[in-house]
Structures are given as structure tokens and as C-alpha cells.
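Overview (structure and organization)
So you can see what is in the structure, the chains are spelled out below.
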Amino acid sequence: MNLTTSWMQSDWTKALGWTFVHSLWQIALIGLLLFVVLRLVPGRSAHTRYTISTMALWLVVITALCTFIIMLPESNELKEITGSLVLLGSTEPLSLTDKISAWLEVRMPMMLTIWSAGVTILMIRLALSLGWVRHMRHTAAPDTDVQLVLNQLIHRLRLNVKPGAANSGLVSSPVTIGHFKPLILFPVGIINQLSPKE
């Protein structure tokens, strides 16, 4: 219990907590800017819109890292100060900002615990999804006939990426998986339902 309490009260944890708090308005602001930019370029290609959206995601990461660095204390070194100490009482009321900061400071451990649990659950879900995609890739059966037609289309369209084609009993409609080595999965038997022209 003492280890958990000391970890929650550490400077790194406080910086992480304030980074989480500030990231809420930062992400909202970046999302609003992205919405405006995408509205200003409606006729652009899907690639351009995808690139702009990806840059917005990287901007979220960069702002979070910068906020975390800013929130870290400058130095943990203790300095010896000589002289007399005089304590003065202050009768000024706390400002609204100070009250909000104090309220958040008290609830910071709870917020970090909930946030950490959410991140852990989403990471487990991502790992399971990646495992399922890997399973679909390894159990798929290559389709040479479709691959020949696909190669002709790739040559005609002058595409740099050359995806593969395979049949899979794990999908109900054609899907594409993979980024560096894309693979188009077709449901088993769907090719037999198409006419030669299709």
C-alpha cells in the first residue's frame, strides 16, 4: 500500500495526471481544427484527407509529450537556505483556478487509476484483434486466378503496392488486411457466384 501511495504522490505521476487533464482540451481543440480543415478541402483526394488526419493524430501525441515535459518539476535537488523564517498568514480567498486545481489534485490518483485501467483494456483488445488478423492471414488459401486478374489491374493502374488475393472462411465479405503487405480476403465461394464479366 505504501508503494502504491508513494507512486501516486511522485512528481512523475502528478505530471502524468496533469498531462491527462490538459489533453482533454488539447484533443478537443485539435479535433475542432481538423474538422474545419477537412471542411475547407472537401474536393481533395482521400489520400490528402487521410494525411491531414494522420498529422492531427501525431499532433495529439506531440502536445501530450510537451505537456508532460512542462509539468515535470525542474529539479529535485535540495538547497540549503540560511536566514530566519517568517510565516505570514494570508486572508485572500482562493481564486476559481486554484480551487479547480486543488479539486483535481485530490482526485488525481482516482483519475489515473481509471485511465490506466482503460488503457490496459484497450491494449488487450488491440492485441487480441492483431492476433485474429494474423490468424486470418495464416489460414487463408491463395487464389491464383484472382491474383492474375488483380495483377493486371495493378499494372493498368500503375500502383506501387501489390496486394495478394486469398480465400478465407473467416470473412463474410471481401476485406483487406495488412499495411506493408496487404492481402485481400474473399469469402470462400464468392468468386464462383460472379459472372466472367464481373
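Keep in mind it's a predicted model, so treat the numbers as computed, not measured. (Residues numbered from 1 in each chain as written. Predicted model: local features only at pLDDT ≥ 70, side-chain atom pairs only at ≥ 80, totals over all residues. Heavy atoms only, no water.)

Right, let's talk about the overall build of the protein for a bit. Along the protein, the regular secondary structure elements total five helices and four strands. Split into buried and exposed, the 198 residues of the protein put 19% on the buried side. Counting only contacts in the protein whose residues sit at least 6 apart along the sequence, the fraction spanning at least 24 positions is 51%. Summed over all atoms, the accessible surface of the protein reaches about 16300 Å², with 67% contributed by carbon and sulfur. (Helix = DSSP H or I, 4+ residues; strand = E, 2+ residues; numbered from the N terminus. Buried < 20%, exposed > 50% of the residue type's maximum accessible area, 1.4 Å probe, protein only. Contact = heavy atoms within 4.5 Å. Areas by Shrake-Rupley, 256 points an atom, 1.4 Å probe, with all protein chains shown as cover.)

The next thing to look at is the pairing of strand E4 (residues 183-187). Across a regular strand the side chains alternate sides, sitting on one face of the sheet and then on the other. Counting buried residues along E4, five of its five residues qualify, which places the element largely inside the surrounding structure. When strand E2 (residues 164-168) meets E4, the two strands line up parallel, connected through five bridges. From the neighbouring strand, Ser168 faces E4, where its bridge partner is Pro187. With antiparallel pairing between neighbouring strands as the criterion, strand E3 (residues 175-177) and E4 make up a hairpin whose turn holds five residues, including Gly178 at a positive phi of roughly 90°. (Pairing = 2+ DSSP bridges.)

On the surface, a cluster of nonpolar side chains totalling about 750 Å² of accessible area is made up of Trp25, Leu29, Leu32, Leu33, Phe35, Val36 and Leu40. Look at Val36 and you get partly exposed, because its relative accessible area is 38%. (Patch = residues over 30% accessible without salt bridge, like charges linked within 9 Å, V, L, I, M, F, W, Y side chains within 5 Å. Salt bridge = Lys/Arg side-chain N within 4 Å of Asp/Glu carboxyl O.)

For the rest of this paragraph, the subject is the sheet that holds E4. Strand order in the open sheet formed by four strands is E1-E2-E4-E3, with mixed pairing between adjacent strands. Two strands lie at the open edges of the sheet, namely strand E1 (141-142) and E3, each paired on one side alone. The pairing of E3 with E4 spans three bridges and is classified as antiparallel. Within E4, the position partnered with Thr176 by the bridge is Ile184. Contacts from helix H4 (residues 96-139) reach E1, E3 and E4 within the one sheet, and its direction differs from that of E3 by about 105°. Along the sheet, helix H5 (residues 144-157) contacts E1, E2 and E4; its crossing angle with E2, the most-contacted strand, is approximately 150°. (Axes fitted to C-alpha atoms, helices over the stretch in contact; angles between N-to-C directions.)

Looking now at the side chain of Thr67. Take Thr67: it is sitting in helix H3 (residues 46-71). The class for Thr67 is buried, based on a relative accessible area of 8%. Excluding residues that lie within four positions of it along the chain, Thr67 makes contacts with Thr19, His22 and Gln26.

For the rest of this paragraph, the subject is H5. Helix length check: H5 (14 residues) gives 20 Å between terminal C-alpha atoms against 20 Å at 1.5 Å per residue, within 8%. Within H5, the full set of buried residues consists of Val146, Gln147, Leu150 and Ile154. Down the axis of H5, the buried set is contained in an arc of 95°. They therefore lie on one face. Facing away from the buried side of H5 by more than 90 degrees, the exposed set consists of Thr144, Asp145, Leu148, Gln152, His155 and Arg156. Next to the buried residues of H5 lie E2 and E4. The N-cap residue of H5 is Asp143: its side-chain oxygen and the backbone nitrogen of Asp145 are 3.2 Å apart. One or two residues past the end of H5 sits Arg158, with phi positive at roughly 55°. (Expected span 1.5 Å × (residues − 1). Arc of directions from axis to C-beta. Polar contact = N/O pair within 3.5 Å; in protein donor to acceptor, adjacent residues only side chain to side chain.)

This part is about the nonpolar core. Core analysis: the largest hydrophobic core is formed by seven residues, namely Met136, Ala140, Ala166, Val171, Ile177, Leu183 and Leu185. Sequence-distant contacts of Met136, that is, excluding residues within four places in its chain, are made with Leu170, Val171, Ile177 and Leu185. (Core = buried A, V, L, I, M, F, W, Y, C linked by side-chain atoms within 4.5 Å.)

Let us now look at the pairing of E2. E2 sits mainly inside the fold: four of its five residues count as buried. Relative to E2, E1 runs antiparallel, the two sharing two bridges. Bridge pairing in E2 places Ala141 opposite Asn167.

You can see Thr19 is positioned in helix H2 (residues 11-40). Judged by relative accessible area, Thr19 falls into the buried class, the value being 8%. At 2.6 Å, the side chain of Thr19 and the backbone oxygen of Ala15 are in polar contact. When near neighbours in sequence (up to four residues on either side) are disregarded, Thr19 contacts Ala64, Thr67 and Phe68.

These results come straight from atomic positions and should not be treated as a statement about function.
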